[in-house]
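# Observations on the three-dimensional arrangement
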Amino acid sequence: MVRRHGAIEHNGRMRKIVHIDMDAFYASVEQRDDPKLRGKPVVVAWRGARSVVCAASYEARKFGIRSAMPAVRAERLCPGAVFVPPDFTRYRAVSRQVREIFLRHTDLVEPLSLDEAYLDVTTNKLDLPSATAVALAIRQSIREETLLTASAGIAPNKFLAKIASDWRKPDGQFVIRPHQVEAFLAPLPVSKLHGVGRVMETRLGDLGISTVGQLRSMGEAELERRFGRWGKRLHELSLGIDEHPVVSERPTLQVSAEDTFAKDVLLGETVDTLRHLADKVWAASLKEEGRIGRTVVLKLKTSDFHIITRSLTPPTPPASLDEFLALSLSLLDRVGLPSRTRFRLVGVGLANFRGSDDLPPQSELFAP
């Protein structure tokens, strides 16, 4: 394995990675299926004080509306927005249609969500001359067969391809060639680096670092001294280094379900909802043939939006819905917050899936 310009050569060949991202996917599906919505600011969300935006059309984005924004704020930003409740069954059907297009070109497809995926097209089934040609062909097929548009990023690794796909949105594509990597990254804000959130951006800003180039010039040794192993990774990202391959089939790591209450509730009032969610999670876990979830996870969000989790890995994994529910409810006793605390959301999950013939993990793990 040889590294060159932040890219990885395997068996003498440079990886060619394409990241496809559907443009305003949920909102675009709604506009496609209802001509009256075309050209209008469409917000895919349930109305109400507890709802958040699932997607916004490009017309709505001009008003500053973004995914995950509270729906009430979106309504304030654009009083004339058209709110459409999400229809995930329809979105999944279109997503499957798009994935079938991907598979005509390569079997190495790694979906990230319903609307985006990585493709390794180092070799492609149709023997097209370049990754750029593959991306163009995929986008043309998506347009013709779904009447939707997609954007694409082409680069020697996943990290760069994802940045590139956002470069000429909507309905465009952008290529980062191996010899362009370091120069391309240098002027970008550090927030473009995977894993650099607001806290890390502020910490780097305190050191006078706001661009990737400034981060790179700090040097690996100094970054590692200040931030440990994460500092080493920051230096690699500043050089455009990402060795993670496209993984076509990821085994399930966790099955979960959650629900937001119409009004904030006390901890004891979450029990009925937990029973309902546990039933859904258990049914989904049974579809993982030959694999068993060993860790029970409880998630809560307080009225002031503080998220807490509690988890438990018993000596033997839950073998029935009743056992799973009992373990889930037992985690309520370990929340450790004042009794007057109110909650806006509760969730439950099964994690740590392993093959049924694997050795059991350590007897118990409880993580706050």
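All residue numbers refer to position in the chain's written sequence, counted from 1. Totals for whole chains, interfaces and linings use all residues, but because this is a predicted model, local features are given only for residues with pLDDT of at least 70 and pairs of side-chain atoms are given and counted only at 80 or more. Calculation of side-chain values draws on the structure's entire complement of heavy atoms; hydrogens and water are dropped beforehand.

### Overview of helix H4 (residues 88-103)
Helix numbers and strand numbers start at the N terminus; a helix is a DSSP run of H or I with at least 4 residues, a strand a run of E with at least 2. How far a helix is expected to stretch is found by multiplying one less than its residue total by 1.5 Å. The terminal C-alpha atoms of H4, which comprises 16 residues, lie 22 Å apart, in line with the 22 Å expected from a rise of 1.5 Å per residue. For the exposure calls, accessible area comes from a 1.4 Å probe over protein chains only, and a residue counts as buried if that area is under 20% of its type's maximum, exposed if over 50%, partly exposed in between. Three or more residues of H4 are buried, namely Tyr91, Val94, Ser95, Val98, Ile101 and Phe102. Around the axis of H4, the buried residues are gathered within 110 degrees of arc, so they sit on the same side. In H4, the exposed positions that point more than 90 degrees away from the buried face belong to Thr89, Arg96 and Glu100. The contact criterion used is simple: two residues touch if any of their non-hydrogen atoms lie within 4.5 Å. Contacts made by the buried residues of H4 are with strand E4 (17-22), helix H1 (25-33), strand E5 (42-44), strand E8 (109-113), strand E9 (116-120) and helix H5 (131-146). Taken from the helix axis, the directions to the C-beta atoms give the arc we talk about.

### Some words on the pairing of E4
Most of E4 is tucked away, with six of its six residues classed as buried. Here E4 shows a buried face lined by Ile17, His19 and Asp21 and a second buried face lined by Val18, Ile20 and Met22. With five bridges joining them, E4 and E9 adopt antiparallel strand pairing. Bridge assignment links Asp21 to a residue of E9, and that residue is Glu116. Inspection of the sheet shows E4 paired to strand E10 (residues 150-155) by six bridges, in the antiparallel sense. The partner of Ile20 across the bridge, within E10, is Ala152. One bridge is not enough; two strands pair if DSSP finds at least two bridges between them.

### Some words on the state of the cysteines
Cysteine sulfur atoms are paired as a disulfide whenever they come within 2.5 Å of each other. Taken as a whole, this structure holds zero disulfides when the rule is applied. Considering cysteine sulfurs only, Cys78 is the nearest to Cys54, which forms no disulfide, with 17 Å between them.

### A closer look at unusual backbone geometry
That bond from Lys169 to Pro170 is cis: its omega, -10 degrees, falls within 30 degrees of zero. Mapped onto the fold, Pro170 is located in the loop between helix H6 (158-165) and strand E11 (173-175). Unlike most non-glycine residues, Asp127 shows phi in positive territory, near 55 degrees. Following the sequence through the fold, Asp127 ends up in the loop between E9 and H5. The exposure class assigned to Asp127 is exposed, which follows from its relative accessible area of 67%. Phi is positive for Asp171, close to 55 degrees, though the residue is something other than glycine.

### Focus on the pattern of salt bridges
By convention in these notes, a salt bridge is any Lys or Arg side-chain nitrogen within 4 Å of a carboxyl oxygen on Asp or Glu. For the structure on display, the rule yields 18 salt bridges. When the shortest N-O distance is used, the salt bridge between Glu145 and Arg104 registers 2.8 Å. With Glu145 in helix H5 and Arg104 in the loop between H4 and E8, the pair connects residues that are 41 residues apart, well separated along the chain. Glu236 is the partner of Arg233 in a salt bridge, and the nearest nitrogen-oxygen pair spans 3.2 Å. In this pair, Arg233 and Glu236 both sit in helix H11 (residues 229-238), three residues apart, roughly one turn of the helix.

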